[in-house]
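These are the residues of each chain, in order.
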Amino acid sequence: FVRHHACLSMPQPSAEAMKQIFTTIISGYLSSAGSKDIQALDKPIVDSTVDLFFNVMRDLKPIPAKAHYTFNLRDVSKVVQGILMVKASHLPDKETLAKLWCHEVMRVFYDRLIDDADRSYFTSMLVDFIKAGFKLPWTYEEMFVDEKIIFGDYMKMGLAQDERRYELVPQTDKIPTVFGDYLDEYNMTNKEMKLVFF
């Protein structure tokens, strides 16, 4: 019965192939942005994402204690998909787009890291990409200490799903309060769920 089976092998795409594919997607997306500064970030976004992906694959290997450190092309797609959640015409400036990119790579890659050494490695690499690729003079403290970069569509309650905007959360300290309000609203119409937000 071996003749009824086929073995297929799909090699990992090269960095150049990935950059070409995703640059086409990001360029098309940013073409509706009003600012030339924003449109010019198509190459830095893709180059930084792909290079970061290959760095993570090279340096953060899966070991028995970190068996979930398996990164693939789907992770790069998730970063791009997250960026596409914001309408390009709603981006006020290139700094907001850079923050959006930071949020998405943190969401896809950083949130899977389990120890301080790996997290420190990743955040320092992120700062380097922001300086080299995006040409922004942000420091580690500005990106991860003084301000928390978070995007979401949940800060304005009562909006229909199609009216929600995925945008930068300006005051992250208010998120637990907003989530508490959502929980109260849920508990009024459903079986009570007791959660603590921090």
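Just so we're clear, the structure is a prediction, and the values are computed from it rather than from any experiment.

Asker: How should I be thinking about the overall build of the protein in this particular structure?
Answerer: Helices and strands together make up the secondary structure of the protein, namely eight helices and two strands. Ordered by position in the sequence, the α and β elements of the protein form the string α-α-α-α-α-α-α-β-β-α. Considering only C-alpha atoms, the protein reaches an extent of 60 × 50 × 35 Å along its principal axes. Within the protein, buried positions represent 35% of all 198 residues. Counted over contacts in the protein with a minimum sequence separation of 6, partners at least 24 positions apart contribute 61%. When the accessible area of the protein is evaluated, it comes to approximately 12,300 Å², of which 56% is carbon and sulfur surface. Considering the protein, the positive charge centre built from 24 side chains and the negative charge centre built from 28 side chains are found 6 Å apart.

Asker: Help me out: how do you make sense of the nonpolar core in this one?
Answerer: Side chains of a nonpolar character, in soluble globular proteins, are inclined to be buried together. Judged by nonpolar contacts, the single largest core of 48 residues is most densely connected at Trp101, Phe109 and Phe122. Where this core is concerned, the elements lending two or more residues are helix H1 (15–30), helix H3 (42–59), helix H4 (73–83), helix H5 (94–108) and helix H6 (116–132). If you tally residues by element for this core, the top one is H5, at eight residues.

Asker: What exactly am I supposed to notice about the environment of Leu73 here?
Answerer: With respect to the element layout, Leu73 can be found in helix H4. Classification of Leu73 by relative accessible area gives partly exposed; the value is 31%.

Asker: Sorry, what's going on with the packing of aromatic side chains here?
Answerer: Both the distance between ring centres and the angle between the ring planes are used here to describe each pair of aromatic rings. The final tally for this structure, using the stated rule, is ten aromatic pairs. For the ring pair Phe53 and Phe54, a centre distance of 5.1 Å and an interplane angle of 70 degrees mean the geometry is edge-to-face. Phe53 sits in the buried class, given a relative accessible area of 0%. Residue Phe54 is classed as partly exposed on the basis of its relative accessible area of 26%. Ring centres of Tyr110 and Phe122 lie 6.1 Å apart, and the angle between their planes is 50 degrees; this geometry places the pair in the tilted category. Highlighted residues: Tyr110 in the loop between H5 and H6 and Phe122 in helix H6, separated in sequence by twelve residues. You can call Tyr110 partly exposed: its relative accessible area is 22%. An aromatic cluster is present here, built from Tyr69, Phe71, Phe109, Tyr110 and Phe122 joined pairwise through their rings.

Asker: I would appreciate a short explanation of the pattern of salt bridges in the present structure.
Answerer: Two side chains with opposite charge may pair up if their charged atoms get near one another. Applying the stated criterion across every chain yields a total of ten salt bridges. For Lys19, the salt bridge identified is with Asp51, shortest N-O distance 3.1 Å. Of this pair, Lys19 sits in helix H1 while Asp51 sits in helix H3, placing them 32 residues apart in sequence. Asp51 sits in the partly exposed class, given a relative accessible area of 27%. The partner of Arg112 in a salt bridge is Asp75, with the nearest N and O atoms 2.8 Å apart. Of the two residues, Arg112 is situated in the loop between H5 and H6 and Asp75 in helix H4; the sequence distance between them amounts to 37 residues. When its relative accessible area of 3% is taken as the criterion, Asp75 is described as buried. Linked through salt bridges whose partners overlap, the residues forming this network are Lys66, Asp115 and Asp118.

Parameters and conventions
Residues numbered from 1 in each chain as written. Predicted model: local features only at pLDDT ≥ 70, side-chain atom pairs only at ≥ 80, totals over all residues. Heavy atoms only, no water. Helix = DSSP H or I, 4+ residues; strand = E, 2+ residues; numbered from the N terminus. Buried < 20%, exposed > 50% of the residue type's maximum accessible area, 1.4 Å probe, protein only. Contact = heavy atoms within 4.5 Å. Areas by Shrake-Rupley, 256 points an atom, 1.4 Å probe, with all protein chains shown as cover. Lys, Arg positive; Asp, Glu negative; His and termini not counted. Charge placed at Lys NZ, Arg CZ, Asp CG, Glu CD. Core = buried A, V, L, I, M, F, W, Y, C linked by side-chain atoms within 4.5 Å. Phe/Tyr/Trp six-rings, centres within 6.5 Å; stacked < 30°, edge-to-face > 60°. Salt bridge = Lys/Arg side-chain N within 4 Å of Asp/Glu carboxyl O.

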